[in-house]
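As a plain string of letters, each chain reads:
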Amino acid sequence: MVLFRKINRNKLNLLFDIVISLAFVVEMEAHFTGLHYHEVLGVAIAVAFLVHLLLHWRWVVGITKQFIHAPFRLQEARFKYLLNVAVLIVVAVAIVTGILISSTLGFTLPLDPQVYNDALYLHLGSSGLSLLLVGLHIAVDWKWVVASTKKYLFSFGPLQARPSAADNEQSN
Amino acid sequence: MAHQHKRTTLYGALIFVTLVAIAGLGFSATGRFSNPFGFLQAFQELQHYNQQVATAPRQVGSHIHNSGSGTPASHGSANHSHGGGRAGDRIAWPLLGAVLFDIWVLFAVTACYILVQQTLGFLIHRFRSRRPPEILA
């Protein structure tokens, strides 16, 4: 617990987000990883998405409360919130349908062929859409990404960020 | 100081957008460019498939049973295939270009967002600064 408190929250978020983004991109190419690794990595990414959500839980709760109380007052945060909800739904569909059609995880669900094909098409469509939405999810916080990367990954030379730039930006 | 920082960020963003555009041209020139909106085809095929099932359930149903899980993959709707079982469980390094292309898609979306955000910000700033002062009654 003490060790967790000592870790800089922004640094943890940045490193975790970089890892999860790279894993997500690799996951997108099933031919690259092979089917077995694709499915195993998919389960790992599902867990990582939950951890990502927990790391930003305070923001989620805060913005949800604001959204309920004053749905038309928030401008940028509202767009971000709706985008994140869309990402959550699309990624959840991709993960659930992926598990439904999985064949190398040690279990095979006895699906009706039509349900299987529906799940497969939904998996292909939602995973393709999720790439664009995740890209947009990263893009809306590009200033935070740049500031945090300068501060924690390139904290030397001319690229060094202003001391408070990374900490002031709200990450989600 | 803040103005200089803002200008540096803007120049950095412009360099990023240029590099993404050059990389896109590179993917296009090497024939590795694929439509990032190709997933729409999967949704269209799902609709088409369901229509087929609705109009000719017996015929399509038997076709599914014969071809098994490989049916949609044989349509070539997307980059994924789930019909191969455990075959090909190794990392296919020659396909690393496809992973790099997906990374480029993430960068391209970011570049588009930055372009739209900066252009809108510039236009709004110009519009507000040119607006005539309000006449007090």
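In this report, the structure presented in the accompanying data block is examined. Once a new chain begins, its residue numbering starts again from 1 and follows that chain's sequence as written. Lettering of chains starts at A and numbering of ligands starts at 1, both following the order in which they are written. At least 70 in pLDDT is required for a residue's local features to be given in this predicted model, at least 80 for side-chain atom pairs to be given and counted, and no such filter applies to totals for whole chains, interfaces and linings, which use all residues.

### Things to note about the overall build of chain B
Consideration 1: Runs of H or I in DSSP of at least four residues are treated as helices and runs of E of at least two as strands, each being numbered from the N terminus. Counting its regular elements, chain B contains five helices and zero strands.
Consideration 2: Along chain B, helices (α) and strands (β) appear in the sequence α-α-α-α-α when read from the amino end.
Consideration 3: Counting only residues that meet the buried cut, chain B has 18% of its 137 residues in that class. Any residue whose C-beta has 12 or fewer other C-beta atoms within 10 Å is treated as exposed, any with 20 or more as buried, and any in between as partly exposed, C-beta atoms being built from the backbone.

### Let's talk about helix α2 (residues 9-28) of chain A
Consideration 1: A helix is expected to reach a length of 1.5 Å times the quantity of its residues less one. Helix length check: α2(A) (20 residues) gives 28 Å between terminal C-alpha atoms against 28 Å at 1.5 Å per residue, within 8%.
Consideration 2: Among the residues of α2(A), those classed as buried are A:L14, A:D17, A:F24, A:V25, A:V26, A:E27 and A:M28.

### Focus: the environment of A:Y81
All names here are of chain A.
Consideration 1: The residue Y81 is located in helix α6 (residues 76-100) in this model.
Consideration 2: Taking the C-beta count within 10 Å as the criterion, Y81 has 19 such neighbours and is therefore assigned partly exposed.
Consideration 3: Taking the C-alpha atoms as reference points, Y81 and T64, 17 residues apart in sequence, are found 8.1 Å from one another.
Consideration 4: Discounting chain neighbours no more than four positions away, the residues touching Y81 are I63 and F67. For every residue pair, C-beta atoms are placed from the backbone, and the pair is scored as a contact if these atoms sit within 7 Å.

### A word on the packing of α2(A) against helix α5 (residues 96-130) of chain B
Consideration 1: Axes here refer to lines fitted to C-alpha atoms; in helices the fit is confined to the stretch in contact. Angles between the N-to-C directions go from 0 to 180 degrees. The geometry of α2(A) relative to α5(B) is characterised by a closest axis approach of 8 Å and an angle of 125 degrees between their N-to-C directions. The orientation of α2(A) relative to α5(B) falls into the category oblique. For the pair α2(A) and α5(B), the crossing hand works out as right-handed. Between α2(A) and α5(B), the contacting residues are A:V25, A:V26 and A:M28 on the first element and B:V99, B:D102, B:I103 and B:L106 on the second.
Consideration 2: Think of it as three bins: nonpolar holds Ala, Val, Leu, Ile, Met, Phe, Trp, Tyr, Cys and Pro, charged holds Asp, Glu, Lys and Arg, and polar takes everything else, Gly as well. Of the residues contributing to the contact of α2(A) with α5(B), the split by class is six nonpolar, no polar and one charged. Roughly parallel here means an angle under 35 degrees, roughly antiparallel means over 145, roughly perpendicular means 65 to 115, and every remaining angle is called oblique. With the far helix as reference, a near helix turned anticlockwise by less than a right angle produces a left-handed crossing, and one turned clockwise produces a right-handed crossing.

### Let's talk about the packing of α2(A) against helix α4 (residues 35-55) of chain A
Residues and elements named next belong to chain A.
Consideration 1: With their axes 10 Å apart at the nearest point, α2 and α4 run at an angle of 150 degrees to one another. Between α2 and α4, the interaxial angle falls into the category roughly antiparallel. The two elements α2 and α4 cross, and the hand of that crossing is left-handed. Contact residues: N13, F16, I20, A23, F24, V26 and E27 in α2; H38, L41, G42, I45, A48, H52 and L55 in α4.
Consideration 2: Partitioned by chemical class, the residues of the contact of α2 with α4 number nine nonpolar, four polar and one charged.

### So, helix α8 (residues 142-153) of chain A
Residues and elements named next belong to chain A.
Consideration 1: Here α8 contains 12 residues, and its C-alpha end-to-end distance of 15 Å stays within 8% of the 16 Å for a straight helix at 1.5 Å per residue.
Consideration 2: For α8, every residue scored as buried is listed here: W144, A147, S148 and K151. The buried residues of α8 occupy an angular sector of 95 degrees when projected down its axis, which confines them to one face. Think of the arc as the fan of directions from the helix axis to the C-beta atoms.

### Describing the nonpolar core
Consideration 1: Throughout this description, the term nonpolar core refers to a group of buried Ala, Val, Leu, Ile, Met, Phe, Trp, Tyr and Cys residues whose C-beta atoms join them within 7 Å. A:F24, A:V25, B:V105, B:L106, B:A108 and B:V109 are the most contacted members of the largest nonpolar core, which totals 18 residues.
Consideration 2: Broken down by element, the residue count for this core peaks at eight residues, all from α5(B).
Consideration 3: Sequence-distant contacts of B:L106, that is, excluding residues within four places in its chain, are made with A:V25, A:V134, A:G135 and A:I138.
Consideration 4: The next biggest cluster of nonpolar side chains, apart from the first, holds 15 residues, and it includes A:Y116, A:L120, A:Y121 and A:L129.

### A closer look at the environment of A:Y116
Residue and element names in this part refer to chain A.
Consideration 1: For Y116, the location among the structural elements is in helix α7 (residues 113-139).
Consideration 2: Y116 sits in the buried class, given 21 other C-beta atoms within 10 Å.
Consideration 3: With 57 residues separating them in the primary sequence, Y116 and W59 have C-alpha atoms 37 Å apart.

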